[in-house]
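So the chains spell out like this:
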Amino acid sequence: MEGVESEIGVRIKALRKSNGISRRSFAMMVGLSASCLDEVEDGSRTISVATLARIAQGLGVLPGDLIGGS
């Protein structure tokens with residue numbers, strides 16, 4: 001899927017990997033299933049603002065950082 005979801009997924013995956021966190025561990029940390037996180041990272045799932053906020057908190061960034069804000 002192209003667009004915002006893909007861009008967000010790429011940012012999430014890059015930050016998760018740069019922090020050395022496995023997909024499974026990170027999914028549990030933010031209250032998602034591993035398969036859901038897979039879909040978020042590959043851009044095939046749209047997530048709520050609340051989920052975006054939980055993911056951002058888990059990565060130590062602001063939600064705007066994940067959607068391309070500064």
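For every chain, the first residue of its written sequence is number 1, and the numbers climb from 1 along that sequence. Given that this is a predicted model, residues contribute local features only at a pLDDT of at least 70 and side-chain atom pairs are listed and counted only at 80 or more, while totals for whole chains, interfaces and linings are drawn from all residues. Remark: hydrogens and water are excluded; side-chain values derive from all non-hydrogen atoms of the structure.

(A) Seen up close, the overall build of the protein chain. Numbering of helices and strands runs from the N terminus, with a helix taken as a DSSP run of H or I at least four residues long and a strand as a DSSP run of E at least two residues long. In terms of regular secondary structure, the protein chain is built from five helices and zero strands. Ordered by position from N to C terminus, the α and β elements of the protein chain give α-α-α-α-α. Compactness check: the protein chain gives a C-alpha radius of gyration of 11 Å against a globular reference of 11 Å for 70 residues, within 12% of the reference. Projected onto its principal axes, the C-alpha positions of the protein chain cover 25 × 25 × 20 Å. To sort residues, take the accessible area from a 1.4 Å probe on protein chains only and compare it with the maximum for the residue type: under 20% means buried, over 50% means exposed, and anything in between is partly exposed. Counting every position in the protein chain, which comprises 70 residues, the buried fraction comes to 30%. A contact between two residues is defined here by any heavy atoms of the two lying within 4.5 Å. If you take every contact in the protein chain between residues at least 6 apart in sequence, the share linking residues at least 24 apart comes to 54%. Between the two quantities, the radius of gyration covers C-alpha atoms and the globule rule is 2.2 Å times the number of residues to the power 0.38.

(B) Structural detail: the packing of helix α2 (residues 23–30) against helix α3 (residues 34–41). Relative to each other, α2 and α3 sit at 105 degrees, their axes nearing to 9 Å. Here α2 is positioned roughly perpendicular relative to α3, judged by the angle of their axes. Residues Arg23, Phe26 and Ala27 of α2 pack against Ala34, Leu37, Asp38 and Glu41 of α3. Here the term charged refers only to Asp, Glu, Lys and Arg, the term nonpolar to Ala, Val, Leu, Ile, Met, Phe, Trp, Tyr, Cys and Pro, and the term polar to all other amino acids, Gly among them. Classifying every residue of the contact of α2 with α3 gives four nonpolar, no polar and three charged. The axes are straight lines fitted to the C-alpha atoms, using for helices just the contacting stretch, and the angles between their N-to-C directions are given from 0 to 180°. Orientation categories follow fixed angle ranges, with anything under 35 degrees roughly parallel, anything over 145 roughly antiparallel, 65 to 115 roughly perpendicular, and all other angles oblique.

(C) Examining the packing of helix α1 (residues 4–18) against α3 more closely. Contact pair α1 / α3: the axes reach a minimum separation of 7 Å and the direction vectors enclose 120 degrees. Counted together, Glu5, Gly9, Val10, Ile12, Lys13 and Arg16 of α1 and Leu37, Val40 and Glu41 of α3 form the full contact between these two elements. Its residues assigned to classes, the contact of α1 with α3 shows four nonpolar, one polar and four charged.

(D) Structural view of the pattern of salt bridges. By convention in these notes, a salt bridge is any Lys or Arg side-chain nitrogen within 4 Å of a carboxyl oxygen on Asp or Glu. If you walk through the whole model with that rule in mind, you get four salt bridges. A salt bridge links Asp38 to Arg23; the shortest N-O distance between them is 2.6 Å. Taken together, the positions of Asp38 in helix α3 and Arg23 in helix α2 put the pair 15 residues apart, joining distant regions of the chain. We classify Asp38 as partly exposed; its relative accessible area is 28%.

(E) Structural view of α3. For α3, the set of buried residues is Cys36, Leu37, Val40 and Glu41. With its buried residues spanning 135 degrees around the axis, α3 presents them on a single face. On its buried face, α3 is in contact with α1, α2 and α4 (49–59). Taken from the residues just after α3, Gly43 is the one with a positive phi, measuring 80 degrees. As used here, the arc is the angular range of directions from the helix axis to the C-beta atoms.

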